[in-house]
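Residues per chain, in single letters:
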Amino acid sequence: MASLDETLRHLFAELSKRQLLDNAVVVFTSDHGEEFLDHGHLGHGANLYNELIHVPLLISTPGQKEH
């Protein structure tokens, strides 16, 4: 995870330096999750457990105040 953090930090620093974030909407999301024997299954299948359907969605807009 630290590697991803560093990569994103570098990406946003470069975008900011080039003033590309001034009018940009940035959206991050992810694929579905996986079960790791949480409910007796491994991987992903036809279940609707939170581990499989709850994924992050992060949206940043110009002028947005941080919470």
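Look up: the structure comes first, before these words.
Take a nonpolar patch on the surface next. A contiguous nonpolar patch, built from Val25, Val27, Leu57 and Ile59 and spanning about 390 Å² of accessible area, is present on the exposed surface. Checked against the element boundaries, Val25 lands in the loop between α1 (2–17) and β1 (26–29).

Under the defined criterion, the tally for this structure stands at 3 salt bridges. Across the pair Arg9 and Glu6 runs a salt bridge, and its minimum N-O distance is 3.3 Å. Here Arg9 pairs with Glu6, and both are found in helix α1, just 3 residues apart, close to one helical turn. Judged by its relative accessible area of 51%, Arg9 is exposed. Between Arg18 and Glu14 there is a salt bridge, with its nearest N and O atoms 2.8 Å apart. The structure contains a network of salt bridges with shared partners spanning Glu14, Lys17 and Arg18.

As a further point, take the environment of Val55. Tracing the backbone shows Val55 in the loop between α2 (50–53) and β4 (57–60). A sequence separation of 24 residues divides Val55 from Asp31, and the C-alpha atoms of the two residues are 6.9 Å apart.

A separate point is unusual backbone geometry. In this structure, Gln19 takes a positive phi of about 55 degrees despite not being glycine. Along the chain, Gln19 falls in the loop between α1 and β1.

Let us look at α1. Between its terminal C-alpha atoms α1 stretches 22 Å, which fits the 22 Å expected from 16 residues at 1.5 Å a residue. Following α1 by one or two positions, Gln19 has its phi on the positive side, about 55 degrees.

The next point concerns the environment of Thr7. Examined against the element boundaries, Thr7 turns out to sit in helix α1. The spatial distance from the C-alpha of Thr7 to the C-alpha of Ser30 is 16 Å, given a sequence separation of 23 residues.

Here is what the cut-offs are and how they apply
- Residues numbered from 1 in each chain as written.
- Predicted model: local features only at pLDDT ≥ 70, side-chain atom pairs only at ≥ 80, totals over all residues.
- Heavy atoms only, no water.
- Patch = residues over 30% accessible without salt bridge, like charges linked within 9 Å, V, L, I, M, F, W, Y side chains within 5 Å.
- Areas by Shrake-Rupley, 256 points an atom, 1.4 Å probe, with all protein chains shown as cover.
- Salt bridge = Lys/Arg side-chain N within 4 Å of Asp/Glu carboxyl O.
- Helix = DSSP H or I, 4+ residues; strand = E, 2+ residues; numbered from the N terminus.
- Buried < 20%, exposed > 50% of the residue type's maximum accessible area, 1.4 Å probe, protein only.
- Expected span 1.5 Å × (residues − 1).

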